[in-house]
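# Summary of the model geometry
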Amino acid sequence: MAEQTHVLFVEDDDVIREATQLALERDGFAVTAMPDGLAGLEAFRADRPDIALLDVMVPGLDGVSLCRRIRDESTVPVIMLSARADSIDVVLGLEAGADDYVTKPFDGAVLVARIRAVLRRFGHAGGHGAAAAGAEDDSAADGGVLHFGDLEIDTVGMEVHRGGTPVALTPTEMRLLLEFSSAPGTVLSRDKLLERVWDYGWGGDTRVVDVHVQRLRTKVGQDRIETVRGFGYKLKA
């Protein structure tokens, strides 16, 4: 029997927490459900789940702060749950290191689909490595290692160095960088990045892309990824 995917779910509303836990368990997930952020952090450290679902507004330690604490210790995927799609909490959660977010109230099937999409990305972080290694550009490629100025991307070992110093990327950031490096100088639209990196076969919130690009820029160089206004982003070769 295949090992169950372990989900940490932090939600203070008893009805939502219990109903969502039951729905996830029916779909084959093992769920640890906690009512507040501090209990959630303890459970994360004790159980090391495969993915964390964090409501933004929970007592003790709010979801955004909990996400930061988790990200300080792990690259485990995190999905934030927010009651308002237009809330600044969405952006704050993404900036804190979340990989995606789902707006409440949510349909159980949609939540499961988003969880599985995130897990597919994390389980296949190197999925575009061959494309990146085979890219035709002016950068030097050697054994799956690409060079863009002082940026070095090992598409086989899934490692990145800048000026010889290791760069720590989350799996989502790595997939985003691999997409850019597979076609340097080519503008990639936000919708295309949502489809390829976030596995969305439908229109999603492009703020997810924008925030992740900003996070990636702080790690690989602000001028390495260029914004092409009205179209998207491209990696400077």
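To keep things clear, this report deals only with the structure shown in the data block. Just so you know, these numbers come straight off a predicted model, no measurement behind them.

Attention shifts here to helix H9 (residues 207-220). For H9, spanning 14 residues, the distance from its first C-alpha to its last is 20 Å, which sits close to the expected 20 Å at 1.5 Å a residue. Just downstream of H9, Gly221 is the residue with a positive phi angle, here 120 degrees.

So, on to the sheet that holds strand E5 (residues 100-103). Taking strand neighbours across the sheet as the criterion, the five strands line up as E2-E1-E3-E4-E5 in an open arrangement whose pairing is parallel. At either end of the open sheet lies a strand with only one pairing partner, and these are strand E2 (30-34) and E5. Between one strand axis and the next, the sheet turns through 20 degrees on average, direction left out of account.

Counting 49 residues, the largest nonpolar core has Leu54, Met80, Ile153 and Phe180 as its most contacted members. Counting residues per element, this core draws most heavily on H9, at six residues. Counting residues in hydrophobic clusters, the runner-up holds 17 residues, among them Val7, Phe29, Val102 and Val112.

Time to look at helix H7 (residues 171-182). With 12 residues, H7 should cover 16 Å at 1.5 Å per step; its first-to-last C-alpha distance of 16 Å lies within 8% of that length. When you tally the buried positions in H7, you get 12 out of 12 residues, the bulk of the element. Listed in full, the buried residues belonging to H7 are Pro171, Thr172, Glu173, Met174, Arg175, Leu176, Leu177, Leu178, Glu179, Phe180, Ser181 and Ser182.

With that settled, consider the pattern of salt bridges. For the structure shown, the criterion picks out 14 salt bridges. A salt bridge links Asp100 to Arg114; its shortest N-O distance comes to 3.2 Å. A residue pair is termed long-range when its members are at least 10 positions apart, and Asp100 in strand E5 and Arg114 in helix H5 (residues 108-123) qualify at 14 residues. The two residues Asp100 and Arg114 agree in class, both being buried. Close ionic contact of Glu173 with Arg215 constitutes a salt bridge, the shortest N to O distance being 2.9 Å. In this pair, Glu173 is assigned in helix H7 and Arg215 in helix H9, connecting sequence segments 42 residues apart. Judged by relative accessible area, which is 1%, Glu173 ranks as buried. Taken together, the shared-partner salt bridges in this structure form one network comprising Glu11, Asp55 and Lys104.

This paragraph deals with unusual backbone geometry. Of note, the bond from Lys104 into Pro105 is cis; its omega dihedral lies within 30 degrees of zero at -5 degrees. Among the structural elements, Pro105 can be located in the loop between E5 and H5. Positive phi outside glycine occurs at Met158, with the angle close to 55 degrees. Position of Met158 among the secondary structure elements: in the loop between strand E8 (151-154) and strand E9 (159-162).

Glancing now at the pairing of strand E7 (residues 145-148). Of the strand pairs in this sheet, E7 and E8 are connected by four bridges, and their pairing is antiparallel. Of the residues in E8, the one forming a bridge with Phe148 is Leu151. Joining the antiparallel neighbours E7 and E8 is a turn of two residues, in which Gly149 adopts a positive phi near 60 degrees.

Parameters at a glance
Residues numbered from 1 in each chain as written. Predicted model: local features only at pLDDT ≥ 70, side-chain atom pairs only at ≥ 80, totals over all residues. Heavy atoms only, no water. Helix = DSSP H or I, 4+ residues; strand = E, 2+ residues; numbered from the N terminus. Expected span 1.5 Å × (residues − 1). Pairing = 2+ DSSP bridges. Axes fitted to C-alpha atoms, helices over the stretch in contact; angles between N-to-C directions. Core = buried A, V, L, I, M, F, W, Y, C linked by side-chain atoms within 4.5 Å. Buried < 20%, exposed > 50% of the residue type's maximum accessible area, 1.4 Å probe, protein only. Salt bridge = Lys/Arg side-chain N within 4 Å of Asp/Glu carboxyl O.

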